[in-house]
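The primary structure of each chain is shown beneath.
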Amino acid sequence: TQLLEQSPQFLSIQEGENLTVYCNSSSVFSSLQWYRQEPGEGPVLLVTVVTGGEVKKLKRLTFQFGDARKDSSLHITAAQPGDTGLYLCAGDRDSNYQLIWGAGTKLIIKP
Amino acid sequence: DTGVSQDPRHKITKRGQNVTFRCDPISEHNRLYWYRQTLGQGPEFLTYFQNEAQLEKSRLLSDRFSAERPKGSFSTLEIQRTEQGDSAMYLCASSRGLAGADTQYFGPGTRLTVL
């Protein structure tokens, strides 16, 4: 059972388009992190969201944490080929060392 | 801050051989984690250390796997009698160990191929 469901699993779009990927759970998390991973490399942290309803922006990337802290979304505006990668979300539960990981969304941006 | 480093980056071995990987965490981080990742999937937790103490091991970590962090700094992950199913990316991460929002920082991984 995947405690964090990411959707879509795969997305291929043209450069310049907008997109949103989702990370959903029935569990509450004290924080949620988004990572981007390129082939053959480790995940690189993009953002950590902590407060329900929080919105964080990183250039063309907008991250939102759900009000109930059970879900999150990542919106990319005007996608570029450099955004290509595997986007992973991971949730941290209170008093638990272990991150709960989604299976990732593989994103391909075509020039 | 040099980040988390892992060595080697790639390892090709024959089935039945033993392999050892090393991870050097960010210097002020007291938690260190090992994960395994197969293609197109998220990382799967293997084990973690708080300083030199190994506090949790996943069911994925069979008796052939052992991890150490002898001085609370670098860590090693050894796989004995490797099997083809062990082929994967082995990731190490470290964190400060903060309650509530403990961010893990990952190394580049060691890609293991068992022939």
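Provided above is the structure to which this section pertains.
Residue indices follow the written sequence of each chain, beginning from 1 at its first position. Whichever chain is written first becomes A and whichever ligand is written first becomes 1, with later ones labelled in order. Restriction of local features to residues with pLDDT of at least 70 applies here, the model being predicted, together with a cutoff of 80 or more for giving and counting side-chain atom pairs; totals for whole chains, interfaces and linings are based on all residues. Only heavy atoms go into the side-chain values, all of them from the structure, while hydrogens and water stay out.

Peer 1: Can you explain the side chain of Ser 27 of chain A? Please cite residues and give values.
Peer 2: Residues and elements named next belong to chain A. Where helices and strands are cited, they refer to DSSP runs of H or I of at least four residues and of E of at least two residues respectively, numbered from the N terminus. Looking at the element boundaries, Ser 27 is found in the loop between strand S3 (19-24) and strand S4 (31-37). For Ser 27, a relative accessible area of 15% translates into the label buried. Any two residues whose heavy atoms approach within 4.5 Å at even a single point are treated as in contact. Once you skip the residues sitting within four places of it in the chain, Ser 27 turns out to touch Arg 69, Lys 70 and Arg 93. Working definition: with a 1.4 Å probe on protein chains only, accessible area under 20% of the residue-type maximum means buried, over 50% means exposed, and in between means partly exposed.

Peer 1: An account of the pairing of strand S7 (residues 65-68) of chain B is needed here, citing residue identities and associated values.
Peer 2: Residues and elements named next belong to chain B. On S7, burial follows the alternation: Phe 65 and Ala 67 on one face are buried, whereas Ser 66 and Glu 68 on the facing-out side are not. Here, any two strands with at least 2 DSSP bridges between them count as paired. Where S7 and strand S8 (residues 75-79) come together, 4 bridges link them in antiparallel fashion. Counted as the bridge partner of Ala 67 is Leu 77 from S8. With antiparallel pairing between neighbouring strands as the criterion, S7 and S8 make up a hairpin whose turn holds 6 residues, including Gly 72 at a positive phi of roughly 75°.

Peer 1: Summarise the interface of chain A and chain B; cite the residues concerned and give the values.
Peer 2: Contact residues are listed per partner, giving 22 residues for chain A and 23 residues for chain B. Of the roughly 1,600 Å² buried where chain A meets chain B, counting both sides, 54% is carbon and sulfur surface. Salt bridge, as used here, is a side-chain nitrogen of Lys or Arg placed within 4 Å of a carboxyl oxygen of Asp or Glu. Our count for the contact surface shared by chain A and chain B stands at 1 salt bridge. Between Glu 41 of chain A and Arg 9 of chain B there is a salt bridge, with the nearest N and O atoms lying 3.3 Å from each other. Of all the elements in the fold, those that place two or more residues in the side of chain A that touches chain B are S4, strand S5 (44-49), strand S9 (85-92) and strand S10 (99-101) of chain A. In terms of residues, the side of chain A that touches chain B owes the most to one element, S4 of chain A, which gives 4 residues. As a working rule, the residues Ala, Val, Leu, Ile, Met, Phe, Trp, Tyr, Cys and Pro are called nonpolar, Asp, Glu, Lys and Arg charged, and the rest polar, with Gly in that last group. Considered class by class, the residues forming the side of chain A that touches chain B number 10 nonpolar, 9 polar and 3 charged. Simply put, the buried area is the total loss of 1.4 Å probe accessible area from both parts when two parts are fitted together.

Peer 1: Account for the sheet that holds strand S1 (residues 5-7) of chain B, with residues named and values stated.
Peer 2: Residue and element names in this part refer to chain B. Taken in spatial order, the 4 strands line up as S1-S3-S8-S7 in an open sheet, and their pairing is antiparallel. Two strands lie at the open edges of the sheet, namely S1 and S7, each paired on one side alone. Taking the axes of each pair of neighbouring strands and ignoring which way they run, one obtains an average angle of 15° across the sheet. Comment: axis = line fitted to C-alpha atoms, over the contacting stretch for helices; angle = value between 0 and 180 degrees taken between N-to-C directions.

Peer 1: Outline the pattern of salt bridges, supporting the account with residue identities and numerical values.
Peer 2: Residue and element names in this part refer to chain B. Counting across every chain of the model gives 9 salt bridges over all chains. A salt bridge links Arg 22 to Asp 24, with the nearest nitrogen and oxygen atoms 2.7 Å apart. Looking at Arg 22, the relative accessible area reads 34%, which means it is partly exposed. A relative accessible area of 25% places Asp 24 in the partly exposed class. Salt bridges sharing common partners tie together Arg 64, Glu 83 and Asp 86.

Peer 1: Mind laying out unusual backbone geometry, listing which residues take part and the relevant values?
Peer 2: Only a minority of non-glycine residues have a phi that is not negative, and only a minority of peptide bonds are not trans. Going from Ser 7 of chain A to Pro 8 of chain A, the amide bond is cis rather than trans, its omega being -10°. Looking at the element boundaries, Pro 8 of chain A is found in the loop between strand S1 (5-7) and strand S2 (10-14). Along the chain, Asp 7 of chain B connects to Pro 8 of chain B via a cis peptide bond; the corresponding omega equals -5°. Looking at the secondary structure, you find Pro 8 of chain B in the loop between S1 and strand S2 (10-13). Despite not being glycine, Arg 81 of chain B shows a phi value in the positive range, around 50°. Mapped onto the elements of the fold, Arg 81 of chain B is located in the loop between S8 and strand S9 (88-95).

On their own, these measurements won't tell you what the molecule is for.
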